[in-house]
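Per-entry structural report
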Amino acid sequence: MLAARVHETAKRNLRHHAPRSYAALDLGTNNCRLLIAEPASVGFRVVDAFSRIVRLGEGLGHGNQLSDDAIDRTLEALRVCRDKMMAKGVARARLVATEACRLAENGPSFIERVRNDLDLDLEVVDRQTEAYLAVTGCASLVDPKAQSVIVFDIGGGSTEVAWLDGAAPHALADPCNRIRAWDSLPVGVVTLAERHGGIHVTREGFEDMVGEVSERLIDFAAIAAGAGEGPHFHLLGTSGTVTTVGGIHLRLPRYDRRRVDGMWMRSGDISTVIQQLLHCNFDQRAANPCIGKDRADLVLAGCAILEAIRRAFPSDRLRIADRGLREGILMNMMREDSVWQESHR
């Protein structure tokens, strides 16, 4: 099994004092993402990455089965990930699957097929774990002066939201200790677009999507009603939706993570981008270099989720994170292995 080979790699690295490589894989409803990294003095250094749209959860908005086509696309992407981990001599890995595998009746058989065909052990995480990993992955972008922050991760099949209360004691502290409330909404860009339509989106249809998400937010918004009263309150979003909004705002000729990750946007600028997208037809959205054809039918569903969060928690500031669950997995594994303590001995 891959786990056994990874263990042998770890022992070899320890004997030869080579840097330990870690891998984090996030198999979501829409994307398959891999990140391979080595510990740095603070955080980690990425040595390889992979991302592919697989739409594993395609059709789950209308049923509860992973389709054969979606499974085939996903297996091919996972095969690439496996080969990359072997090529980089990964010493420790955590491979997680989220909403699509949680919901689908044939999710367990899919996990078993991945194990048998690819020698990979996928872990289907619960919603709380997903929310906490997302917070861990992007919390370094919280304004250090902020005493209260709403963090959200808009996924393909679910949306995680969390209220961080209080300041971080130091850079490597576990941000999950600051979570005062969290929720996982069973709605994401894929499922919302499938229910309401993502190709031809009218203003009325967009408001219907916002309304559905707003209803699902009611309980969390009541618990976190005081979040906006904290000094320097702001929103922190991690997802393809918010990075796309950031890229469009910057008018990038092609998406550039270095310019988008960590950028701040004002509320008025976010509204302007959403209005621009509502004026575009499908072909115009597909032609935007920060969207592309594969995501042109999903971007307005994502904007509807973003808009519902903005209405529940008004703030003039949104910080955009092109980092999230994978980074959270890596930080947790390295923290568990005490790699930063070791580097300072």
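Scroll up for the structure.
Counting from 1, residues in each chain are numbered in the order their sequence is written. Predicted model: local features are reported for residues with pLDDT of at least 70 only, side-chain atom pairs are reported and counted for 80 or more only, and whole-chain, interface and lining totals are derived from all residues. By convention in this description, side-chain values take in all heavy atoms of the structure and omit both hydrogens and water.

**Some points on the packing of helix H5 (residues 127-138) against helix H13 (residues 325-336)**
At their nearest, the axes of H5 and H13 sit 6 Å apart, and the two run at 85° to each other. In terms of axis orientation, H5 runs roughly perpendicular to H13. Packed against H5, whose contacting residues are Glu130, Leu133, Ala134, Thr136 and Gly137, the element H13 presents Leu325, Glu327, Gly328, Ile329, Met331, Asn332 and Arg335 at the interface. A fitted line through C-alpha atoms represents every axis, and for helices the fit uses only the stretch in contact; the resulting angles, taken between N-to-C directions, go from 0 to 180 degrees. Secondary structure elements are defined from DSSP: runs of H or I of at least 4 residues count as helices, runs of E of at least 2 residues count as strands, and each element is numbered from the N terminus. Working definition: roughly parallel below 35 degrees, roughly antiparallel above 145 degrees, roughly perpendicular at 65 to 115 degrees, and oblique for all remaining angles. Any two residues having at least one pair of non-hydrogen atoms within 4.5 Å are treated as being in contact.

**Considerations on the pattern of salt bridges**
Salt bridge, as used here: a side-chain nitrogen of Lys or Arg that lies within 4 Å of a carboxyl oxygen of Asp or Glu. Under the counting rule described, the total for this entry stands at 28 salt bridges. Residue Glu112 is joined to Arg115 by a salt bridge in which the shortest nitrogen-to-oxygen separation is 2.6 Å. Placement of both Glu112 and Arg115 in helix H4 (residues 107-118) is noted, with a separation of 3 residues, approximately one turn of the helix. The partner of Arg310 in a salt bridge is Glu307, and the shortest N-O contact between them spans 2.7 Å. With a gap of 3 residues between them, Arg310 and Glu307 both fall in helix H12 (residues 299-312), about one helical turn apart. Three or more residues are tied together by salt bridges with common partners; here these are Glu99, Arg102, Arg127 and Glu130.

**A word on H4**
Expected helix span is given by 1.5 Å per residue-to-residue step, counting one fewer step than there are residues. A rise of 1.5 Å per residue sets the reference length of H4, with its 12 residues, at 16 Å; its end C-alpha atoms lie 16 Å apart and thus fit the reference within 8%. Among the residues of H4, those classed as buried are Gly107, Phe110, Ile111, Val114 and Leu118. Viewed end-on, H4 has its buried residues packed into an arc of 100°, placing them on one side of the element. Projecting away from the buried face of H4 at angles above 90 degrees are the exposed residues Pro108 and Asn116. At the exit of H4 stands Asp119, carrying a positive phi of roughly 65°. Only protein chains enter the accessibility calculation, which uses a 1.4 Å probe; a residue is then buried when its area is under 20% of its type maximum, exposed when over 50%, and partly exposed in between. The arc refers to the directions leading from the helix axis to the C-beta atoms.

**Topic: the sheet that holds strand S3 (residues 44-53)**
For two strands to count as paired, DSSP must find a minimum of two bridges between them. Reading across the sheet, the 5 strands line up as S3-S2-S1-S4-S5 and stay open at both edges, with mixed pairing between neighbours. Either end of the sheet is taken by a strand with one partner, and the two such strands are S3 and strand S5 (123-124). Across 6 bridges, the pairing between strand S1 (residues 22-27) and strand S4 (residues 92-97) is parallel. The partner of Ala24 across the bridge, within S4, is Arg94.

Honestly, it's all geometry; don't read function into it.
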